[in-house]
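Below, each chain spelled out in residue letters.
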Amino acid sequence: MFPVPDSSIASKRGPVDVSGRSAAELDSMTPEEIRTYENNMVLKHRLKDFKGLGTAQALHRQSQAVQASANVASVAVETLAGLSVVDAEAYRAAAARHDGLSNRWLDYEINPHLQFDFPAMSDAAFPPTAAMIRAKHAAEQARSAGRPAEYQSSVAAFGEALTAAEVAAGVTGS
């Protein structure tokens, strides 16, 4: 027959206690976990109508959050489809910060006044600038991977490297 997933109540290793979840708890679950929870509740409590569980609403919120995050991050929806609402919102915030940092650095590349005043910010041979460029590329790669924690940490590293390059170039004080 079909294999029974370990997370199913029908599994010998599955959860024994299956209780109701709040909307906040459902929002922290991935779509797969939401569907498993719904199936477990139906099996455990022999529910005929599972609309009161809030799973359909949670899956709708998850879909909307993923769509919004994919639009902000300019990545395919499929890349983020398995994220929870909480993770999708964190991904969207990281993408917005990443865009802000990229625009901040881009000013040094395209603004002639900043190029003249701070030439080190456009000089890839300057070690702090080179480190910042590597961190920027790492953040761009993490953006397309669809893993929120990795993306957030790479964006944070990009921000730190940009600030360090600005300090080394004399843009800001230490």
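Residues numbered from 1 in each chain as written. Predicted model: local features only at pLDDT ≥ 70, side-chain atom pairs only at ≥ 80, totals over all residues. Heavy atoms only, no water.

Trainee: Explain the nonpolar core to me, using residue names and the numbers behind them.
Mentor: Of all hydrophobic cores here, the largest spans 29 residues; its most connected members are Leu80, Tyr91, Met121, Met132, Tyr151, Phe158 and Leu162. Mapped by element, the contributors of at least two residues to this core are helix 3 (55-73), helix 5 (85-110), helix 7 (127-145) and helix 8 (148-169). Per-element accounting of this core gives the leading share, eight residues, to helix 5. When near neighbours in sequence (up to four residues on either side) are disregarded, tyrosine 151 contacts Tyr91, Ala94, Ala95, His98, Ala139, Ala142 and Arg143. Ile34, Tyr37, Leu53 and Ala58 belong to the second largest nonpolar core, which has seven residues in total. (Core = buried A, V, L, I, M, F, W, Y, C linked by side-chain atoms within 4.5 Å. Buried < 20%, exposed > 50% of the residue type's maximum accessible area, 1.4 Å probe, protein only. Helix = DSSP H or I, 4+ residues; strand = E, 2+ residues; numbered from the N terminus. Contact = heavy atoms within 4.5 Å.)

Trainee: Could you give an account of the environment of glutamate 32, naming the residues involved and the relevant values?
Mentor: Note that glutamate 32 resides in helix 2 (residues 31-45). Once the C-alpha coordinates of glutamate 32 and leucine 59 are considered, the two residues, 27 residues apart in sequence, prove to be 9.7 Å apart.

Trainee: Break down the confidence of the model for the chain for me, citing the residues and quoting the values.
Mentor: Counting all residues, the mean pLDDT for the chain is 86, and 83% of those residues have values of 70 or more. For the chain, the element scoring lowest by mean pLDDT is helix 2, at 80; helix 8 scores highest, at 96. (pLDDT = per-residue confidence, 0-100.)

Trainee: Give a description of helix 5 that names residues and reports values.
Mentor: Relative to the 38 Å expected for 26 residues at 1.5 Å per residue, helix 5 spans 37 Å between its end C-alpha atoms, a close match to the ideal helical length. Those residues of helix 5 that fall on the buried side of the exposure criterion are Val85, Ala88, Tyr91, Ala94, Ala95, His98, Leu101, Ser102, Trp105 and Tyr108. Here the buried face of helix 5 lies against helix 1 (23-27), helix 3, helix 4 (77-80), helix 6 (112-117), helix 7 and helix 8. (Expected span 1.5 Å × (residues − 1).)

Trainee: Pulling in residues and values, what's your account of the packing of helix 7 against helix 8?
Mentor: Remark: helix 7 packs on helix 8, axes separated minimally by 8 Å, with the N-to-C direction vectors making an angle of 160°. As summarised for this structure, helix 7 and helix 8 are arranged roughly antiparallel, according to the angle between their axes. Where helix 7 crosses over helix 8, the handedness of that crossing is left-handed. Contacts between helix 7 and helix 8 involve Pro128, Thr129, Ala131, Met132, Ala135, Lys136, Ala138, Ala139, Ala142 and Arg143 from the first element and Glu150, Tyr151, Ser154, Val155, Ala157, Phe158, Ala161, Leu162, Ala164, Ala165 and Ala168 from the second. Among the residues making up the contact of helix 7 with helix 8, the classes are represented as 16 nonpolar, two polar and three charged. (Axes fitted to C-alpha atoms, helices over the stretch in contact; angles between N-to-C directions. Parallel < 35°, antiparallel > 145°, perpendicular 65-115°, else oblique. Left-handed = near helix turned anticlockwise from the far one by under 90°. Nonpolar A, V, L, I, M, F, W, Y, C, P; charged D, E, K, R; others polar.)

Trainee: If you had to explain the pattern of salt bridges to someone new, which residues and values would you point to?
Mentor: Under the criterion given, the structure shown has five salt bridges. Among the salt bridges present, the one from arginine 61 reaches aspartate 27, with a minimum N-O distance of 2.9 Å. Highlighted residues: arginine 61 in helix 3 and aspartate 27 in helix 1, separated in sequence by 34 residues. (Salt bridge = Lys/Arg side-chain N within 4 Å of Asp/Glu carboxyl O.)

Trainee: With reference to specific residues and values, describe the environment of methionine 121.
Mentor: Mapped onto the elements, methionine 121 comes out in the loop between helix 6 and helix 7. Once the C-alpha coordinates of methionine 121 and leucine 106 are considered, the two residues, 15 residues apart in sequence, prove to be 9.7 Å apart. If we skip the residues at most four places from it in the chain, methionine 121 touches Trp105, Tyr108, Glu109, Thr129, Leu162, Ala165, Glu166, Ala169 and Val171.

Trainee: Account for the packing of helix 5 against helix 7, naming residues and giving values.
Mentor: Across the interface, helix 5 lies against helix 7 with an axial gap of 11 Å and an inter-helix angle of 150°. In terms of crossing hand, the pair formed by helix 5 and helix 7 is left-handed. Contact with helix 5, carried on its side by Tyr91, Ala95, His98, Asp99, Ser102 and Trp105, involves Met132, Ile133, Lys136, Ala139, Glu140, Ala142, Arg143 and Ser144 of helix 7 and no other residues of that element. Residues belonging to the contact of helix 5 with helix 7 are distributed by class as follows: seven nonpolar, three polar and four charged.

Trainee: Which residues make up the side chain of serine 69, and what are the values?
Mentor: For serine 69, the position within the fold is in helix 3. We classify serine 69 as buried; its relative accessible area is 0%. For serine 69, the contacting residues outside a window of four places in its chain are Leu80, Ala88, Glu89 and Arg92.

Trainee: Let's hear about helix 3: which residues, and what values?
Mentor: Across its 19 residues, helix 3 extends 26 Å between first and last C-alpha, which sits within 8% of the 27 Å expected from 1.5 Å per residue. Every buried residue of helix 3 is accounted for by Thr55, Ala58, Gln62, Ala65, Val66, Ser69, Ala70 and Ala73. Buried residues of helix 3, viewed axially, fall in a sector of 130°; they line one side. Counted as exposed and oriented over 90 degrees from the buried face of helix 3: Ala56 and Asn71. Two residues or fewer past helix 3, serine 74 is found with a positive phi of approximately 55°. (Arc of directions from axis to C-beta.)

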